Structure formats: C-alpha cells, structure tokens
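Structural description and commentary
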Amino acid sequence: MSDSKTKPVIEIEDVCKTYYMAGGMSQSVLKHVSFSVNPGEFVAIMGHSGSGKSTLMNILGCLDRPTSGVYKLDGTAVSEKNDAELAHIRGREIGFVFQNFNLLMKRTIADNVSLPLIYQGVNEKDRYERAIQMLHKVQLDGYQDRLPTQISGGMQQRVAIARALINNPKIIFADEPTGNLDSITSDEIMNLFTDLNKQGITIVLVTHEDDVADYAKRMIKIGDGKKVYDGLRSAYTGEDKEC
Ligand SMILES: Nc1ncnc2c1ncn2[C@@H]1O[C@H](COP(=O)(O)OP(=O)(O)OP(=O)(O)O)[C@@H](O)[C@H]1O
Ligand SMILES: [Mg+2]
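The present account deals with the structure reproduced in this document. (Residues numbered from 1 in each chain as written. Chains lettered and ligands numbered in written order. Predicted model: local features only at pLDDT ≥ 70, side-chain atom pairs only at ≥ 80, totals over all residues. Heavy atoms only, no water.)

Points about the nonpolar core
Counting 39 residues, the largest nonpolar core has Val113, Ile161 and Phe193 as its most contacted members. Secondary structure elements with two or more residues in this core: strand E3 (42-46), helix H3 (109-118), helix H4 (124-137), helix H5 (153-165), strand E7 (171-175), helix H6 (183-198), strand E8 (202-206) and helix H7 (210-213). Excluding its chain neighbours within four sequence positions, the residues that come into contact with Phe193 are Phe42, Val97, Ile161, Ile172, Ala174, Pro177, Ile203 and Leu205. Within the second largest apolar cluster, 28 residues are counted, among which are Ile45, Met57, Leu60 and Cys62. (Core = buried A, V, L, I, M, F, W, Y, C linked by side-chain atoms within 4.5 Å. Buried < 20%, exposed > 50% of the residue type's maximum accessible area, 1.4 Å probe, protein only. Helix = DSSP H or I, 4+ residues; strand = E, 2+ residues; numbered from the N terminus. Contact = heavy atoms within 4.5 Å.)

And the structure:
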C-alpha cells in the first residue's frame, strides 16, 4: 500500500521468526512476511490465536528480533542494531500499549505516565508537568495523583496510552488494547486511537475483534505465520490467501 512518493515508516522484508526451545525443538512462527506501512496509516493486524501476531508486534516494536529478513524502522535497519541501540529507538520513536495495561500499581498515575522520562534524566518537577499534559490528551485531567487501583480499566488503558505518548512517538503499537475492556469502553479507547491517528501518529494494532478492526483503514491478516490478507479493511471478503 505504499506509493513511490511517501517513505515508509515501517518496512519488513522476508521476515522469519523461529523459536528455539530446550531439547533441540524449534517452531517456525513467522514465515517470509513482507509489508510496509506509510506515515499516518492506521493498520489492524488480525489472525487466529497462535498465528504469530504478537511475535510480529514484538519485532515491529523492537522488543524482539527477526531470525532472518530485514526490518527497517523509519529507514534504519533495526535488525542490525545492538540491545542498547534498540532500547534507544524504542524509547524515542515508538509507544507501546498492551492488553493488560502494564501499569505499576503502587505508583501514582503521574509516575506511571512519566516513567519513560526517568531514563532520560528529566527532573521530577518536569516529569510531573509532562504527565499532566499527557493526561490531558487522554481526557484524564485531575487524575495524576491517584493510584491505578483507584480508577477503572478503561481509565487505566488511557493512562497506558498517555505513557505511550510521552516521547511524542511517530508510531503506536498496540497488542489487543481492548482485550480486557467491555464494548463501550473499547469504543472509547478506539476513538482515542482514531484521534491520535488524525493528529498524524501511525497506529498498528492487533485485535481479534471485527468491531475494533473496523476503526482501521487497512488490515493485515496473519494465518499460520504467513500474510494472508493485506488491503482495505472494508474490502475484506473473508477469503484468505498467501500474499
Ligand atoms: N517466547 C516463545 N518461545 C517459544 N514459542 C513461542 C514464544 N512466543 C510465542 N511462541 C509460540 O509462537 C506461536 C505464535 O505465538 P503468538 O503469541 O505470536 O501468537 P498470537 O497470534 O499473538 O496469539 P494470540 O491471539 O493468542 O495472542 C504460538 O504457537 C506460541 O506458542
Ligand atoms: Mg498475541
């Protein structure tokens, strides 16, 4: 779906991932997957449980490396970077949102949101102010001093999104971000992702829910580790074939 004028923000080419386990066992999970994503796209990655979606997301989010193939993030081949360089790219370019929110339950909401800034040496007062700005973006004004246990699940996911936004990422990767939420709260979270996408942030999210995927313009479907659909979400007929 890339055109010649726009430089993709994500390019994966012939990516394979094999997990090697104790006793010489191995499992080939991603098989020669290639695609690119342009800046500003909103992509839903779908597929059955165990098809390799999270494995793919972890590679895209620089949490893991492909066994073979090339992954370029914003033109840089991340597959050749070392752990420290990957951590740097992850901190500066990418926001990650998980199904289970991944908040520190004993720390305040402001602390949770501003956590990524600690590693950049930002002082406490500035961190607190940045947290308040981010909480405003996710409509959680005034909640900065509470604990995650004192707010709802949907609000906790908003906090996680605020944390993902703190470094002004170009891309947000979200793995089943609505998986633990009821349908009304899911819609609120998806509307928030839609707003962020309208502001220019590229969104790539994994979901197995059709209603959630409908918010995305483009859908990539993974079946048994291969790409079996890549196109407009609205044009998907249910027919899958390796592509
Ligand atoms: N760290 C690992 N070591 C070994 N095998 C793994 C590892 N992570 C995932 N797998 C295997 O890889 C396959 C794909 O897993 P993955 O988590 O990517 O699937 P998924 O599409 O995200 O599934 P779900 O919809 O259930 O979240 C599964 O068979 C899984 O058991
Ligand atoms: Mg998964």
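Looking at the sheet that holds strand E9 (residues 218-223)
On the basis of which strands lie adjacent, the open sheet formed by 6 strands has the order E6-E7-E8-E3-E9-E10 and mixed pairing. Edge positions in the sheet fall to strand E6 (94-97) and strand E10 (226-232), since each has one partner strand and no second. For this sheet, the mean angle separating the axes of adjacent strands, direction not counted, is 15°. As defined by bridge partners, E3 adjoins E9 across 4 bridges and the pair is classed as parallel. Across the sheet, Met46 pairs through a bridge with Lys221, a residue of E9. Those strands touched by helix H2 (residues 83-93) are E6 and E7, and its axis lies near 80° from that of E6. Running over the sheet, H6 touches E3, E6, E7 and E8 and is turned about 150° from E8. (Pairing = 2+ DSSP bridges. Axes fitted to C-alpha atoms, helices over the stretch in contact; angles between N-to-C directions.)

Examining empty space enclosed by the protein
For the structure shown, the criterion picks out 1 cavity of 30 Å³ or more. Taken as a whole, the largest cavity spans an internal volume of roughly 40 Å³. What lines the largest cavity is Ile59, Cys62, Asp64, Arg65, Pro66, Tyr71, Val78, Ser79 and Leu86. Residue composition of the lining of the largest cavity, grouped by class: 6 nonpolar, 1 polar and 2 charged. (1 Å grid on protein atoms, 1.4 Å probe; cavity = no way out; pocket = protein on both sides within 12 Å on 5 of 7 lines; lining within 4 Å. Points joined across faces, edges and corners; volume = space filled by probe spheres on them. Nonpolar A, V, L, I, M, F, W, Y, C, P; charged D, E, K, R; others polar.)

Let's talk about the site of ligand 1
In the vicinity of ligand 1, the residues found are Tyr19, Met21, Gln27, Val29, His48, Ser49, Gly50, Ser51, Gly52, Lys53, Ser54 and Thr55. Tyr19 places a side-chain nitrogen or oxygen 3.4 Å from a nitrogen atom of ligand 1. About the coverage of ligand 1: the protein hides 60% of its 640 Å² of free accessible area. Every element with two or more residues in the shell around ligand 1 is listed here: strand E2 (26-37) and helix H1 (53-60). When residues in the shell around ligand 1 are grouped by element, the largest group, 3 residues, is from H1. (Near = heavy atom within 4 Å. Polar contact = N/O pair within 3.5 Å; in protein donor to acceptor, adjacent residues only side chain to side chain. Areas by Shrake-Rupley, 256 points an atom, 1.4 Å probe, with all protein chains shown as cover.)

Looking at the pattern of salt bridges
On inspection of all chains with the given rule, the structure shows 14 salt bridges. Ionic pairing is found between Asp64 and Lys17, a salt bridge with its closest N-O pair at 3.2 Å. Placement of Asp64 in the loop between H1 and strand E4 (68-73) and of Lys17 in strand E1 (residues 10-20) is noted, with a sequence separation of 47 residues between them. Under the relative-accessibility criterion, Asp64 is labelled partly exposed at 26%. The residue Asp83 makes a salt bridge to Arg65 at a minimum N-O spacing of 3.0 Å. Of this pair, Asp83 sits in helix H2 while Arg65 sits in the loop between H1 and E4, placing them 18 residues apart in sequence. Taken together, the shared-partner salt bridges in this structure form one network comprising Glu41, Arg218, Lys227 and Asp230. (Salt bridge = Lys/Arg side-chain N within 4 Å of Asp/Glu carboxyl O.)

Concerning the environment of Gln27
With respect to the element layout, Gln27 can be found in strand E2. Here Gln27 falls in the partly exposed class, since its relative accessible area comes to 44%. Sequence separation of Gln27 and Leu103 is 76 residues, and the distance between their C-alpha atoms is 31 Å. Ignoring sequence-local partners within four residues, the contact set of Gln27 consists of Lys17, Thr18, Tyr19 and Met21.

Notes on the pairing of E10
Each regular strand carries side chains that alternate between the two faces of the sheet. Of the strand pairs in this sheet, E9 and E10 are connected by 6 bridges, and their pairing is antiparallel. Counted as the bridge partner of Arg218 is Leu232 from E10. From the end of E9 to the start of E10, which pair antiparallel, there are 2 residues, and Asp224 there has a positive phi angle of about 50°.

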